[in-house]
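Working through the structure, step by step
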Amino acid sequence: MEPFPPQYGLLLLAAGASKRMGRPKQLLPWGNGTLLSHAVFQAEKTDVQNRVVVLGAHASTIQAHLGKLPDMFVVNPEWEKGMGSSIAFGIAHLLRKEPTLQGILIMLADQPLLDFHFLKQLRYTFESRQESIIATKYLHGAGVPAFFGKKYFAALRQLQSDFGARDIIRNNADDLYVMDPKGKALDIDTLETYQKLYADFGLSE
């Protein structure tokens, strides 16, 4: 299968404080590594050539765990403003590296069941349809992982709230196509959720 062409980018968000977990969930065990390394692996398997991982809370702890931060990792100094701030920071970083991007895939580090097959399908759907936002279906709407066309880059760069790209998706329903993740779009927000998912799936990469 041919790799993603260079005009696409991928933004992996891993800046959250994990307040309900009581520890950095980015470093919780998963497969042969951690939740974060698993998410990075899925991002790499999409074959997107322009990738960035945005860290924030626990950045020094994560850096110590990794030994050093690879080039694809950046730290948002204003991560406490919320997910919107980290999206804006990551989008700006990607566009500085590659100003000709035509689309950007945004994904989270705490959804380990959404593998690269689903992420690739978001891109293929983006290329085959006229809509400029291809998002993931949830019970009460749509959200990330989502693929955004360049017409939304300016709006993404202006985000500051803790709601991420939710309002951009909600306010552009006529330019939106939603894909069903078949029950795999589960966020790990609590220790109980993590323990259940790890018991069921966490030993496989």
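Residues numbered from 1 in each chain as written. Predicted model: local features only at pLDDT ≥ 70, side-chain atom pairs only at ≥ 80, totals over all residues. Heavy atoms only, no water.

Some thoughts on the confidence of the model for the chain
The predicted structure's coordinates, where accompanied by low pLDDT, should not be read in detail. Mean pLDDT over the chain: 91, with 95% of residues reaching 70 or higher. Within the chain, the element-level pLDDT minimum falls on helix α2 (residues 59-66), averaging 86, and the maximum on strand β9 (residues 176-179), averaging 98. (pLDDT = per-residue confidence, 0-100. Helix = DSSP H or I, 4+ residues; strand = E, 2+ residues; numbered from the N terminus.)

Concerning the sheet that holds strand β1 (residues 8-14)
In spatial order, the strands read β5-β4-β1-β6-β8-β7-β9; together these 7 strands make up an open sheet with mixed pairing. Strands at the two margins of the open sheet, each flanked by one partner only, are β5 (73-75) and β9. For this sheet the average axis-to-axis angle between neighbouring strands, irrespective of direction, equals 30°. Pairing between β1 and strand β4 (residues 50-55): 6 bridges, direction parallel. Pairing of L13 across the sheet is with V54, part of β4. Relative to β4, helix α3 (residues 83-97) is tilted by about 145°, and along the sheet it contacts β1, β4, β5 and β6 (103-108). (Pairing = 2+ DSSP bridges. Axes fitted to C-alpha atoms, helices over the stretch in contact; angles between N-to-C directions. Contact = heavy atoms within 4.5 Å.)

Considerations on the pattern of salt bridges
Per the counting criterion, the structure on display carries 10 salt bridges. The partner of E127 in a salt bridge is R123, with the nearest N and O atoms 3.0 Å apart. One end of the pair is E127 and the other is R123, both in helix α4 (residues 116-128) and 4 residues apart, which spans about a single turn. Given the relative accessible area of 39%, E127 is considered partly exposed. (Salt bridge = Lys/Arg side-chain N within 4 Å of Asp/Glu carboxyl O. Buried < 20%, exposed > 50% of the residue type's maximum accessible area, 1.4 Å probe, protein only.)

Concerning the environment of L156
Among the structural elements, L156 can be located in helix α5 (residues 153-157). Look at L156 and you get buried, because its relative accessible area is 0%. Residues L156 and F89, spaced 67 residues apart in sequence, show a C-alpha to C-alpha distance of 9.3 Å. Not counting chain neighbours up to four residues away, the residues in contact with L156 comprise I87, A88, I91, I106, F148, A165 and I168.

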